[in-house]
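Listed here are the chains, written in short residue letters.
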Amino acid sequence: MTGLAFVLLGWSSNFKIANWQRFIFKLTAIGAVLLSADETASIHETVGKWLRGIVENLLTFLPIDNKGFIWVLLFAPLALAGLVATVIALRKVIANIPISKQRHIITWALWLAVFCLPGVFLFEIVEWLLYSIQQSVGTLNCWEETFEILGMYSLFTCAVLIARQYKL
């Protein structure tokens, strides 16, 4: 749903934004759809298990990893860079919306996404460390998934409310 919401921002011809913003929104749309597919198919865990053997020989200081957590080291910087680019593009659009209750809601939703989405990686790293010392991870998975859902829903809310504001 988040990817589809960003389609409105990235591909609407009557939405007058800079070309770089349009490009970022298109990448965000594609990225969100790919993340959804990845979440369903557990691709990042599979890739992580495959890469474990390669990386283990190069980086011997990493914790034990039998579940493919290594994906965090490879994917997190790319995802966080994408989040930063999306936030910058959204902030530019939000700045052009007249000050109103809707603008405040959009801004709060954006900041919630900024808080939650990096938290996903933090929870994954803590889970990795706990798993490597054979400690119970308890409800860590639930928190990680909650932050993921809240973060993506917040980005969805931003995109939909912006699209509504500009009648896209």
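All of these numbers come straight from a predicted model, not from anything done at the bench.

Caption draft 1: Structural view of the overall build of the protein. A tally of helices and strands in the protein yields six helices and zero strands. Going residue by residue from the N terminus, the α and β elements of the protein occur as α-α-α-α-α-α. Within the protein, contacts between residues at least 6 apart in sequence are counted, and of these 66% link residues at least 24 apart. Looking at the protein as shown, the accessible area adds up to about 9900 Å², and 69% of this sits on carbon and sulfur atoms.

Caption draft 2: Inspection of the environment of Cys 158 at higher detail. If you trace the backbone, Cys 158 turns up in helix α6 (residues 140-165). Residues Cys 158 and Ala 109, spaced 49 residues apart in sequence, show a C-alpha to C-alpha distance of 6.1 Å.

Caption draft 3: Structural context of the environment of Trp 128. Its location among the elements puts Trp 128 in helix α5 (residues 101-132). On the basis of relative accessible area, Trp 128 is assigned to the buried category, the value being 4%. Separated by 56 residues in the primary sequence, Trp 128 and Val 72 place their C-alpha atoms 9.5 Å from one another.

Caption draft 4: Inspection of α6 at higher detail. With 26 residues, α6 ought to run about 38 Å at 1.5 Å a step, and its terminal C-alpha atoms sit 37 Å apart, in line with that. Looking at the residues trailing α6, positive phi occurs at Lys 167, about 55°.

Caption draft 5: Looking closely at the packing of aromatic side chains. One pass over the structure, following the stated rule, counts six aromatic pairs. Aromatic pair Phe 6 and Phe 25: ring centres 5.8 Å apart, planes at 45°, arrangement tilted. Taken together, the residues span a long stretch of sequence, with Phe 6 in helix α1 (residues 2-11) and Phe 25 in helix α2 (residues 19-41) at a distance of 19 residues. Through successive ring pairs, a cluster of aromatic residues spans Phe 115, Phe 123 and Phe 147.

Caption draft 6: Expanded view of the packing of α1 against α6. α6 packs onto α1 with a crossing angle of 30° between their chain directions and a minimal axis gap of 8 Å. When the axis of α1 is compared with that of α6, the two are roughly parallel. Two packed elements cross with a definite hand, and for α1 against α6 that hand is left-handed. Residues Thr 2, Ala 5, Phe 6, Leu 8 and Leu 9 of α1 lie in contact with α6, whose contacting residues are Met 152, Leu 155, Phe 156, Ala 159, Val 160, Ile 162 and Ala 163. A per-class count over the contact of α1 with α6 returns 11 nonpolar, one polar and no charged.

Caption draft 7: View of a nonpolar patch on the surface. A cluster of nonpolar side chains, namely Met 1, Leu 4, Val 7, Trp 11, Ile 30 and Leu 34, defines an oily patch on the protein surface of about 650 Å² accessible area. Every element with two or more residues in the nonpolar patch is listed here: α1 and α2. The element contributing the most residues to the nonpolar patch is α1, with three residues. Given a relative accessible area of 55%, Leu 4 falls into the exposed group.

What counts and how
- Residues numbered from 1 in each chain as written.
- Predicted model: local features only at pLDDT ≥ 70, side-chain atom pairs only at ≥ 80, totals over all residues.
- Heavy atoms only, no water.
- Helix = DSSP H or I, 4+ residues; strand = E, 2+ residues; numbered from the N terminus.
- Contact = heavy atoms within 4.5 Å.
- Areas by Shrake-Rupley, 256 points an atom, 1.4 Å probe, with all protein chains shown as cover.
- Buried < 20%, exposed > 50% of the residue type's maximum accessible area, 1.4 Å probe, protein only.
- Expected span 1.5 Å × (residues − 1).
- Phe/Tyr/Trp six-rings, centres within 6.5 Å; stacked < 30°, edge-to-face > 60°.
- Axes fitted to C-alpha atoms, helices over the stretch in contact; angles between N-to-C directions.
- Parallel < 35°, antiparallel > 145°, perpendicular 65-115°, else oblique.
- Left-handed = near helix turned anticlockwise from the far one by under 90°.
- Nonpolar A, V, L, I, M, F, W, Y, C, P; charged D, E, K, R; others polar.
- Patch = residues over 30% accessible without salt bridge, like charges linked within 9 Å, V, L, I, M, F, W, Y side chains within 5 Å.
- Salt bridge = Lys/Arg side-chain N within 4 Å of Asp/Glu carboxyl O.

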